[in-house]
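# Breakdown of the fold
Listed below, chain by chain, are the residues.
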Amino acid sequence: MSNLLPTIGLEVHAQVKSRSKIFCRCAVEFSNKPNINVCPVCMGFPGAMPSLNSEVVKQAVRAGLALNCEINIVSGFARKNYYYPDLPKGYQITQFKKPIAERGYIILSNKKRIRIRRLHIEEDTGKMIHDQDEDTLIDFNRAGVPLIEIVTEPDFESAEEAVDYMTRIREILRYTGVSDANMERGELRGEPNISVRKTSDSPLGTKTEIKNLNSLKAIEKGINFEIDRQSKLVAEGFEVASETMLYNDKKQEVYPMRKKESASEYRYFIEPDLPDLVLKEDFVSSMKGTLGELPEVRRERLIKQYSVSRDESWILTSEKTLADFFERSVANTGAGKRIVNFFIREIPALLNEKNVDAEKLLFTPEDLNSLLREIEREAVNLNSAQTILKRMAQTGESSEKIIRDLNLRQTNDEEKVKQLISETLAENQKEVERYRKGEEKLFGVLVGFCMKKAKGSVSPASINKHLKEMLK
Ligand SMILES: [Zn+2]
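Residues numbered from 1 in each chain as written. Predicted model: local features only at pLDDT ≥ 70, side-chain atom pairs only at ≥ 80, totals over all residues. Heavy atoms only, no water.

With respect to topology, nine strands assemble into an open sheet ordered E2-E6-E7-E10-E1-E11-E12-E13-E14, the strand pairing being mixed. The sheet is open, and its two borders are formed by strand E2 (70–71) and strand E14 (253–259), each paired with just one other strand. In terms of strand pairing, strand E11 (residues 188–197) meets strand E12 (residues 208–211) through two bridges, oriented antiparallel. Following the sheet pairing, Asn193 is matched in E12 by Glu209. Of the strands in this sheet, E2, strand E6 (101–107), strand E7 (113–123) and strand E10 (146–152) touch helix H1 (residues 54–66), which is tilted by about 175 degrees from E7. Sheet strands touched by helix H3 (residues 216–235): strand E1 (5–15), E11, E12, strand E13 (243–248) and E14. Its angle to E11, the strand with the most contacts, is close to 20 degrees. (Pairing = 2+ DSSP bridges. Helix = DSSP H or I, 4+ residues; strand = E, 2+ residues; numbered from the N terminus. Contact = heavy atoms within 4.5 Å. Axes fitted to C-alpha atoms, helices over the stretch in contact; angles between N-to-C directions.)

Shown next, in the form of structure tokens:
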């Protein structure tokens, strides 16, 4: 509707994988029982002292390195002061002036580079629950759960780019094991800030920030709604107010929640109960060795090693667990087109249908490997392989047992194939007559009859060959 240019930045919060909270020993777990993982530190009792969880530091450094950031050897903690019912201390401990990592970047799938301004460590707040009696309840299990916040420069020009960025971040956090980054569980949250302007030379417009976007779909809808809303305001000569907006998932609309705070309103000051965080140089360099193969590097390698297309490499690397499953399944085979294609066609669809991760399948990559070997040496045909795979997924039985039980092994034993063909011909005299009188198209029909009788036990090629001879 408008020809205004949107400018978008993103703040992403990711929950760091850790057994305990950031400043106390309370457990971090996804649980339905409220207020069971709490103590004087995360409840903000006077006099309780925070002590930093070293696992969180390690994971933040790893995330920083994976996002091409510079790691700050010295960083510090600050108090961000505001009053809200889910914040028992009345302030949040975060990193303000000096974050643990800065100046990184990420490459989108369209090859565009998005600059990362900073990555810092902070604690999560509690959670407010508005129940059906219109009471507001508070669960402090989440208070003090470790987070990293990743802030980009305003480098996005569309909702699609922002969604792609979230997907890339999720991928990297999962590949490195920094976070499970499950959006439904709130382990990965994105808050876009948006402004519009007339041309790329005009100064940036007033920005708003959207909260409460709990899925990629919501991020896309929310951003597009806000771009439209701001564009209409500007087109009609109004000004955009600097506000924090809330996304309503049911209506797929965005509406103002409060005036946007500026940093000075939080009255940041240095956290007096925590010393500066000082890292050793060799600790940082040792973390580089723990990152493993990152998704983009893995895609490039899969393309080279297995001759898959770029699109196929994206499918295979969509989850680290799937890529691992693939490589273990085709290990020690020729990894030819036949079995690689079978994997790409069947396994992602199966995971989708069962809505599980590759690790949760009833069969292992080693089980699949033995089926792929059977396909490779044409001991079972692709139709049978599909049947076998379905049954493996349902029962967890070995492919060997299923092949035996269902009698699906193909034979190229000449006597057996001829026997099968002559039985089929005897049962279909009429078609045989017509073929011999010149109706050549009936050849295909007769192949079909043989295949049906063979139930996958004979390869089509060998039926073809012998049938032709026997019809002469
Ligand atoms: Zn605690």
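Strand order in this open sheet of three strands is E5-E4-E15, and the pairing throughout is antiparallel. A single partner strand is all that each edge strand has here, and the edge strands are strand E5 (91–94) and strand E15 (269–270). Where strand E4 (residues 78–81) and E15 come together, two bridges link them in antiparallel fashion. Along E15, the bridge assignment pairs Arg79 with Phe269.

Here we come to the coordination of the zinc ion. At the metal site, the zinc ion is ligated by Cys24 (SG), Cys26 (SG), Cys39 (SG) and Cys42 (SG), and these contacts range over 2.3 to 2.4 Å. If you look at the zinc ion, its four donor atoms make angles of 101 to 114 degrees with each other, and the shape they trace is tetrahedral. Spacing between the donor residues of the zinc ion along the chain follows C-x1-C-x12-C-x2-C. The exposure class assigned to Cys26 is buried, which follows from its relative accessible area of 9%. (Donors = N, O, S within 2.8 Å, 3.2 Å for Na, K, Ca; no water. Tetrahedral: all angles 85-135°; square planar, octahedral: opposite > 155°, others 65-115°. Buried < 20%, exposed > 50% of the residue type's maximum accessible area, 1.4 Å probe, protein only.)

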